[in-house]
Amino acid sequence: MSFTLPALPYAQDALAPHISAETLDFHHGKHHAAYVTNLNKLLDGHELAGKSLEDVVKASAGKADMAGIFNNAAQVWNHTFYWNSMTPNGGGAPSGDLASMIERDFGSLDAFKTAFATAGATQFGSGWAWLVLKDGKLEIRKTGNAETPITEAGVTPLLTMDVWEHAYYVDFRNRRPDYIATFLSDLVNWDFAAANLAAAK
Ligand code: MN3
């Protein structure tokens, strides 16, 4: 049994003009696809073959002899989560429990946006910014390269933003802060974050 590349949850041009079809063609069709292909090769005949993707990520995390498996498995998981963290006509404001928890734990939606944008902008080199639930409280995480909060005990990711250069270079060149601002204003999928929050309760 091997892993397959999940389809994007929207058309390749659905996030334009913010994120172009060209970016998604490469980012999903080449980068994400390569992580799936590499993972399947690495798991061929391996003791972790046949496990779920989350189990492969957790079992290989922090193990030097499984670094390749971890990097590819975590990148497969992170990217699928990232596609769902965006939606055409996204942005706006969350509602319900998520809105009140953001207000409670960050002070305001604007304060959350500032903290999330700072995490993304200050992740040196490649990585990810996250909104997570930990012990009933919302927190921000930033992770380097393929690192993912699903390896952290008691943490449920609600939302992520890819800050690898391949996520924004075609559309924003080197302007990572502009990509981050656009993610928050026009792309972020609050319904996905709210559904993750509801499922974690
Ligand atoms: Mn990426």
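In this report, the structure presented in the accompanying data block is examined. (Residues numbered from 1 in each chain as written. Predicted model: local features only at pLDDT ≥ 70, side-chain atom pairs only at ≥ 80, totals over all residues. Heavy atoms only, no water.)

### Concerning the coordination of the manganese ion
When four donors bind a metal tetrahedrally, each ideal donor-metal-donor angle is 109.5 degrees, and when six bind octahedrally, the ideal angles are 90 or 180 degrees. We apply this condition: For Na, K and Ca the donor cut-off is 3.2 Å; for every other metal, N, O and S atoms count as donors within 2.8 Å. Water does not enter the count, which can leave sites looking incomplete. Throughout, exposure labels follow a simple rule: accessible area from a 1.4 Å probe, protein chains only, divided by the maximum for the residue type, with under 20% read as buried, over 50% as exposed, and the rest as partly exposed.
Every protein donor of the manganese ion is accounted for by His27 (NE2), His79 (NE2), Asp162 (OD) and His166 (NE2), and the metal-donor separations fall at 2.0 to 2.1 Å. For His27, a relative accessible area of 1% puts it in the buried group.

### A short note on helix H3 (residues 67-84)
The condition that has to hold: Runs of H or I in DSSP of at least four residues are treated as helices and runs of E of at least two as strands, each being numbered from the N terminus. To estimate how far a helix should extend, the number of its residues minus one is multiplied by 1.5 Å.
Given a rise of 1.5 Å per residue, 18 residues ought to cover 26 Å, and the 26 Å separating the end C-alpha atoms of H3 matches this to within 8%. By the criterion of burial, H3 is predominantly enclosed, with 13 of the 18 residues buried.

### A short note on the packing of aromatic side chains
Here is the rule we go by: Only the six-membered ring of Trp is used, alongside the rings of Phe and Tyr, when aromatic pairs are assigned; centres must lie within 6.5 Å, and planes under 30 degrees apart are stacked while those over 60 apart are edge-to-face, with the rest tilted. Counted as over-ring charges are cases with an Arg CZ or a Lys NZ within 6 Å of the ring centre that also lie within 35 degrees of the ring normal.
Under the counting rule described, the total for this entry stands at 13 aromatic pairs. Residues Phe106 and Phe112 carry aromatic rings whose centres are separated by 5.3 Å and whose planes lie at 65° to one another, so their mutual orientation is edge-to-face. Residue Phe112 is classed as buried on the basis of its relative accessible area, which comes to 0%. A cation over a ring is seen here: Lys30 above Phe26, with NZ or CZ 5.6 Å from the ring centre.

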